[in-house]
Amino acid sequence: MKQSKEIEFERLYKSHKDKIFRLCLGFIKDRELANDLFQEILIKLWKHLDSFRSESDISTWIYRVAYNTAITFSAKEKKQPAKADLPSGMDLAEPENISQEQEVQLQKLYEAINSLAETDRIIAMLLLENTPYKTIAEVTGISENYVAVKVNRIKTSLTQMLNPDGK
Amino acid sequence: MENNFEDMQKLWQAQKPVEFDLTSLVAGLKKTEIKQRREQLFMLIITPLTIGFLFWSMPWRENRGIEISLYIIAFAMIWVLGMAIRSKVTNSDSSERFSNEEYLKTQIAKLSYRYQIAKKYMYGYTFLLLLALNISYYILLEPLSTITRVGIHLALTLSLTGFMHWQIRRKVKKYDLELKPMIEQMKAMLDQKPES
């Protein structure tokens with residue numbers, strides 16, 4: 001019989017895996033390293049799930065764990081991360097459902113995101129996930145008002161970078 | 001394709017990971033958890049085991065000097081173990097109230113402490129080891145001539161100092177490559193943060 005921790009983990013995994021996966025790719029473009037980061041985040045979520053006390057929204061907690069893990073992971077770059085004994089074939093997906101033109105656009109989007117300052121990067125990624133400002137503020141540790149100010153700048157900056165001719 | 005923000009969101013959200021068996025994933029995570037616990041347990045028991053072995057194998061009851069040297073070694077090992085645990089254990093990953101800024105500060109402090117252990121405290125550990133070993137050797141080598149004893153003490157002190165210095169230098173060099181850039185990057189991230 002499944003334990004309540006397993007049921008809870010499966011629930012949060014199903015609802016958040018795509019977002020966590022995209023956040024990994026936003027931080028580490030190399031798919032193999034992004035896979036390692038994805039695993040490291042899952043390990044931390046599993047390990048600390050019992051300590052989640054519902055004082056904040058589960059999404060905020062997940063993003064916070066994911067963001068903090070990503071920061072240290074990207075900082076240590078290619079240093080070997082904690083590896084999980086996860087099933088084989090758990091590679092992050094190549095976006096098969098994406099056309100070649102979209103893939104080119106996606107590459108540009110990654111480049112644009114990577115050119116942003118570290119805090120702006122996470123804000124940009126959370127914005128792309130339609131995350132509320134309140135959650136973004138809680139994850140990044142800056143005020144909601146300042147998030148709003150940053151959002152406008154980031155949107156303009158990304159749009160300009162992806163569409164330099166302004167067409 | 002127009003590059004307004006809604007288009008970017010659609011494009012971004014079109015990326016999906018491969019679906020895989022959740023039961024295998026949970027089994028893998030459980031296995032990893034057990035492995036990590038085992039490693040932590042090993043780290044915790046290896047020091048008391050070594051100290052226990054030393055007390056078991058050395059004639060400390062017969063001589064006060066050997067007893068003192070064993071106490072010094074035990075103290076040095078526990079001291080280093082305590083520092084190693086302090087530099088690793090953190091609840092920052094689990095706490096939902098832990099802000100990103102606090103996380104960065106904790107990580108910087110933790111990594112800097114690890115750096116400090118290698119750079120500074122390991123020389124203290126070396127000194128304590130040398131002191132303990134020289135006390136023991138002073139007693140154990142008593143039947144030998146003075147010149148031989150001085151020679152052995154000198155050889156022991158110099159070789160251990162040289163070895164430990166080499167090990168510390170290697171560790172510091174490794175940290176210069178791995179920890180220093182991490183600390184600097186995290187400090188830069190903290191500097192970027194406005195007052196909220």
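Residues numbered from 1 in each chain as written. Chains lettered and ligands numbered in written order. Predicted model: local features only at pLDDT ≥ 70, side-chain atom pairs only at ≥ 80, totals over all residues. Heavy atoms only, no water.

Here we look at the UniProt feature "transmembrane region" (unreviewed entry) in chain B
All names here are of chain B.
Moving on, step 1. Those places that UniProt annotates as "transmembrane region" (unreviewed entry) correspond, in this numbering, to residues 40–56, 68–85, 121–140 and 146–166.
Moving on, step 2. Taken as a whole, residues 40–56 contains 100% helix and 0% strand, while its terminal C-alpha atoms sit 25 Å from one another.
Moving on, step 3. Counting secondary structure, residues 121–140 comes out at 100% helix and 0% strand; the distance between its end C-alpha atoms is 29 Å. (UniProt positions renumbered as here; feature names shortened; annotations may be inferred. Helix = DSSP H or I, 4+ residues; strand = E, 2+ residues; numbered from the N terminus.)

Considerations on the confidence of the model for chain B
Moving on, step 1. Mean pLDDT over chain B works out to 84, with 89% of the residues at or above the 70 mark.
Moving on, step 2. With a pTM of 0.73, the predicted complex shows an ipTM of 0.80. (pLDDT = per-residue confidence, 0-100.)

What to know about the domain arrangement of chain A
In many reports, interface size means the accessible area that the parts give up when they come together.
Residues and elements named next belong to chain A.
Moving on, step 1. Each domain of chain A was delimited in the assignment, giving domain 1 (1–84) and domain 2 (92–167).
Moving on, step 2. Every contact between the two is made by 17 residues of domain 1 and, on the other side, 19 residues of domain 2.
Moving on, step 3. Summed over both sides, the interface of domain 1 with domain 2 buries roughly 1800 Å², with 61% coming from carbon and sulfur.
Moving on, step 4. Here domain 1 and domain 2 share one salt bridge between them.
Moving on, step 5. The partner of Arg 22 in a salt bridge is Glu 129, with the nearest N and O atoms 2.6 Å apart.
Moving on, step 6. The interface formed by domain 1 and domain 2 contains five residue pairs in polar contact (both at pLDDT 80 or more).
Moving on, step 7. Listed by contribution, the elements that provide at least two residues to the side of domain 1 that touches domain 2 are α1 (4–27), α2 (31–48) and α3 (58–76).
Moving on, step 8. Here the side of domain 1 that touches domain 2 gets seven residues from one element, more than from any other, and that element is α1.
Moving on, step 9. For the side of domain 1 that touches domain 2, the residue count by class is eight nonpolar, four polar and five charged. (Domains from an automatic or database assignment. Contact = heavy atoms within 4.5 Å. Buried area = accessible area lost by both parts, 1.4 Å probe. Salt bridge = Lys/Arg side-chain N within 4 Å of Asp/Glu carboxyl O. Polar contact = N/O pair within 3.5 Å; in protein donor to acceptor, adjacent residues only side chain to side chain. Nonpolar A, V, L, I, M, F, W, Y, C, P; charged D, E, K, R; others polar.)

Some points on the UniProt feature "domain: RNA polymerase sigma factor 70 region 4 type" (unreviewed entry) in chain A
Moving on, step 1. Under the present numbering, the feature "domain: RNA polymerase sigma factor 70 region 4 type" (unreviewed entry) in UniProt falls on residues 107–156 of chain A.
Moving on, step 2. Between the C-alpha atoms that bound residues 107–156 of chain A there is a distance of 18 Å. The span itself is 80% helix and 0% strand.

A closer look at the packing of aromatic side chains
Moving on, step 1. In the structure shown here, the tally under the stated rule is ten aromatic pairs over all chains.
Moving on, step 2. Between Phe 53 of chain B and Trp 56 of chain B, the aromatic rings sit 5.8 Å apart at their centres with planes inclined by 40°, giving tilted as the arrangement. Highlighted residues: Phe 53 of chain B and Trp 56 of chain B, both in helix α2 (residues 22–57), separated by three residues, approximately one helical turn.
Moving on, step 3. Note on Phe 53 of chain B: relative accessible area 48%, which makes it partly exposed.
Moving on, step 4. By relative accessible area, which is 70% here, Trp 56 of chain B ends up exposed.
Moving on, step 5. An aromatic cluster of three or more residues is present, and its members are Phe 9, Tyr 13 and Trp 46 of chain A.
Moving on, step 6. Its end group placed over the ring of Trp 166 of chain B, Arg 170 of chain B keeps NZ or CZ at 5.2 Å from the ring centre. (Phe/Tyr/Trp six-rings, centres within 6.5 Å; stacked < 30°, edge-to-face > 60°. Buried < 20%, exposed > 50% of the residue type's maximum accessible area, 1.4 Å probe, protein only. Lys NZ or Arg CZ within 6 Å of the ring centre and 35° of its normal.)

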